[in-house]
Amino acid sequence: MQKIATVEGTKNIINKYPFAFQKKFGQNFLVEPSILDKIISSANITKEDCVLEIGPGIGSVTQPLLEKAGKVVAIEIDNQLIPILNEQFGHNEHFKLIHKDVLKVDLQQLLDEEACGMKIKVVANLPYYITTPIIMLLLESRLPLESITVMVQKEVADRLNAPAGNKQYGAITASMNYYCTSKLVTNVPRQCFMPSPNVSSAVIQLNLHKTPPVDVGNEEQFFKIIKGAFAQRRKTLLNTLTSTSDFGISKDQLRDVLEETGIGASTRGETLGIYEFAKLSDAIDTKRI
Ligand code: SAM
């Protein structure tokens, strides 16, 4: 079969069907084989793996995934792409296509049915208009994933990889650090896609922790503190936390907690890592009792 992830391979397929690119679905198809090779080799796919692909498009990434993986489960929203994907890969018993919006799929149930005890890895060139919701859904659903290797906007990659204290570091970075580690696989110029997007891209890999790196008594409160800490970045932690959330303790008690934990009331949230956020959350619990 001809390689799909090239300009020629992509044109051949889309000219064969009544297909028009849908901007609303973030359709920028990968047409650079060297980037595809980096995605596939960094994902380290074997026949033991079931790969969940979000947004297969015309199958540029699906094609090599099917060569390497034991199974590929692909979720695609666009009606136009379903007959194309079925024609390309429908004959392959290791390919399962789900025609749905990924944000509306019960992923736990799907993977229980399809992965049957295999290791599960996510590999995708994500639709950029919902990159963060998809990543957070994958992490927060506590799916038994080994890794997530995804193409995202460069800006999102920078945010997810930022260390505490950096301008790019935000609530999503701190929350994500609770679930996984993150690394940059490669930067990807705009010309590697058809059509070219307006922004640069990057491939990142998230490796999921088997157990969270910090012990937190009250996870819901821990995430509420992270959100509150970044809600008003210029304010001190004491002020932003008291004005954005209610933790069931007074402002003076919160000031005491911040001082007692060594974090300090005038610190800004953006300097804290998940260890400090966990310490703060547990200390608030103790103060409330
Ligand atoms: N994987 C292909 C590639 O690399 O060339 C296409 C990637 S393109 C950036 C994003 C794909 O996600 C498109 O095929 C688009 O139709 C699909 N998509 C967009 N929104 C989606 C959603 N909510 N659920 C599932 N697929 C979606």
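Going by the structure above, here's the rest.
Residues numbered from 1 in each chain as written. Predicted model: local features only at pLDDT ≥ 70, side-chain atom pairs only at ≥ 80, totals over all residues. Heavy atoms only, no water.

Chemist: Describe the overall build of the protein chain, and please don't skip the residues or the numbers.
Modeler: Counting its secondary structure elements, the protein chain contains twelve helices and nine strands. Once the C-alpha set of the protein chain is aligned to its principal axes, its extents read approximately 70 × 40 × 30 Å. Per-residue burial over the protein chain gives 53% buried out of 289 residues. Across the protein chain, the fraction of contacts at a sequence separation of at least 24, relative to all contacts at a separation of at least 6, is 68%. Summed over all atoms, the accessible surface of the protein chain reaches about 13500 Å², with 48% contributed by carbon and sulfur. (Helix = DSSP H or I, 4+ residues; strand = E, 2+ residues; numbered from the N terminus. Buried < 20%, exposed > 50% of the residue type's maximum accessible area, 1.4 Å probe, protein only. Contact = heavy atoms within 4.5 Å. Areas by Shrake-Rupley, 256 points an atom, 1.4 Å probe, with all protein chains shown as cover.)

Chemist: How would you explain empty space enclosed by the protein if you had to name every residue and give the values?
Modeler: Any empty space left between the atoms is revealed when a probe the size of a water molecule rolls over them. Taken as a whole and judged by the stated rule, the model has one cavity of 30 Å³ or more. Size it by volume and the largest cavity reaches roughly 340 Å³. Taken together, 28 residues form the lining of the largest cavity, with Phe 25, Gly 55, Glu 76, Asn 125 and Pro 127 sitting closest to its centre. For the lining of the largest cavity, the secondary-structure elements that each account for two or more residues are strand E1 (29-30), strand E2 (49-54) and strand E3 (71-76). Each residue belonging to the lining of the largest cavity can be placed in one class, and the counts come to 16 nonpolar, eight polar and four charged. (1 Å grid on protein atoms, 1.4 Å probe; cavity = no way out; pocket = protein on both sides within 12 Å on 5 of 7 lines; lining within 4 Å. Points joined across faces, edges and corners; volume = space filled by probe spheres on them. Nonpolar A, V, L, I, M, F, W, Y, C, P; charged D, E, K, R; others polar.)

Chemist: Which residues make up helix H4 (residues 81-89), and what are the values?
Modeler: Taken as a whole, H4 has its buried residues at Leu 81, Ile 82, Ile 84, Leu 85, Gln 88 and Phe 89. Each buried residue of H4 lies within a common arc of 165 degrees when the element is viewed along its axis, so the set occupies one face. In this fold, the buried residues of H4 make contact with helix H1 (7-16), E1, helix H3 (62-68), E3 and strand E4 (95-99). (Arc of directions from axis to C-beta.)

Chemist: So what's going on with the side chain of Gln 27? Residues and values would help.
Modeler: Tracing the backbone through its elements, the reader meets Gln 27 in the loop between H1 and E1. The exposure class assigned to Gln 27 is buried, which follows from its relative accessible area of 7%. In this structure the side chain of Gln 27 is engaged in a polar contact, spanning 2.8 Å, whose partner is the side chain of Asp 78. Every residue in contact with Gln 27, bar those within four places of it in the chain, is listed here: Phe 19, Ala 20, Phe 21, Gln 22, Asp 78, Leu 81, Met 194 and Pro 195. (Polar contact = N/O pair within 3.5 Å; in protein donor to acceptor, adjacent residues only side chain to side chain.)

Chemist: Mind laying out the sheet that holds E3, listing which residues take part and the relevant values?
Modeler: One open sheet accounts for seven strands, arranged E4-E3-E2-E5-E6-E9-E7; its pairing is mixed. Looking at which strands have only one partner, the edges of the open sheet turn out to be E4 and strand E7 (180-188). Across the sheet, the axes of successive neighbouring strands diverge by a mean angle of 15 degrees, strand direction being ignored. Here six bridges tie strand E5 (residues 119-125) to strand E6 (residues 145-153), and the two strands are oriented parallel to one another. Bridged to Val 123 within E6 is Thr 149. Across the face of the sheet, helix H5 (residues 107-115) comes into contact with E2, E3, E4, E5 and E6 while running at roughly 150 degrees to E3. (Pairing = 2+ DSSP bridges. Axes fitted to C-alpha atoms, helices over the stretch in contact; angles between N-to-C directions.)

Chemist: Pulling in residues and values, what's your account of the site of the ligand?
Modeler: Taken together, 25 residues sit near the ligand, with Leu 30, Gly 55, Glu 76, Asn 125 and Tyr 129 positioned nearest. Taking Pro 56, its main chain carries an N or O atom lying 3.4 Å from a nitrogen atom of the ligand. Taking Tyr 129, its side chain carries an N or O atom lying 2.8 Å from a nitrogen atom of the ligand. About the coverage of the ligand: the protein hides 99% of its 590 Å² of free accessible area. When residues of the shell around the ligand are traced back to their parent elements, those giving at least two are E1 and E3. Tallied by class, the residues present in the shell around the ligand amount to 13 nonpolar, seven polar and five charged. (Near = heavy atom within 4 Å.)

Chemist: Can you explain the pattern of salt bridges? Please cite residues and give values.
Modeler: Charged atoms that come close allow side chains of opposite charge to pair. Per the counting criterion, the structure on display carries eleven salt bridges. The salt bridge involving Lys 121 is made with Asp 49; its shortest N-O contact spans 3.0 Å. Of the two residues, Lys 121 sits in strand E5 while Asp 49 sits in strand E2, which places them 72 residues apart along the sequence. We note that Lys 121, like Asp 49, is buried. For the salt bridge of Lys 96 with Glu 114, the shortest nitrogen-to-oxygen distance reads 3.8 Å. (Salt bridge = Lys/Arg side-chain N within 4 Å of Asp/Glu carboxyl O.)

Chemist: Before we move on, could you go through the environment of Val 72 and cite the residues and values that matter?
Modeler: Summarising the element assignment, Val 72 is placed in strand E3. We classify Val 72 as buried; its relative accessible area is 0%. Counting along the chain gives 95 residues from Val 72 to Lys 167, while the straight-line C-alpha distance between them is 38 Å. Sequence-distant contacts of Val 72, that is, excluding residues within four places in its chain, are made with Val 51, Thr 62, Leu 65, Leu 66, His 94, Phe 95 and Lys 96.

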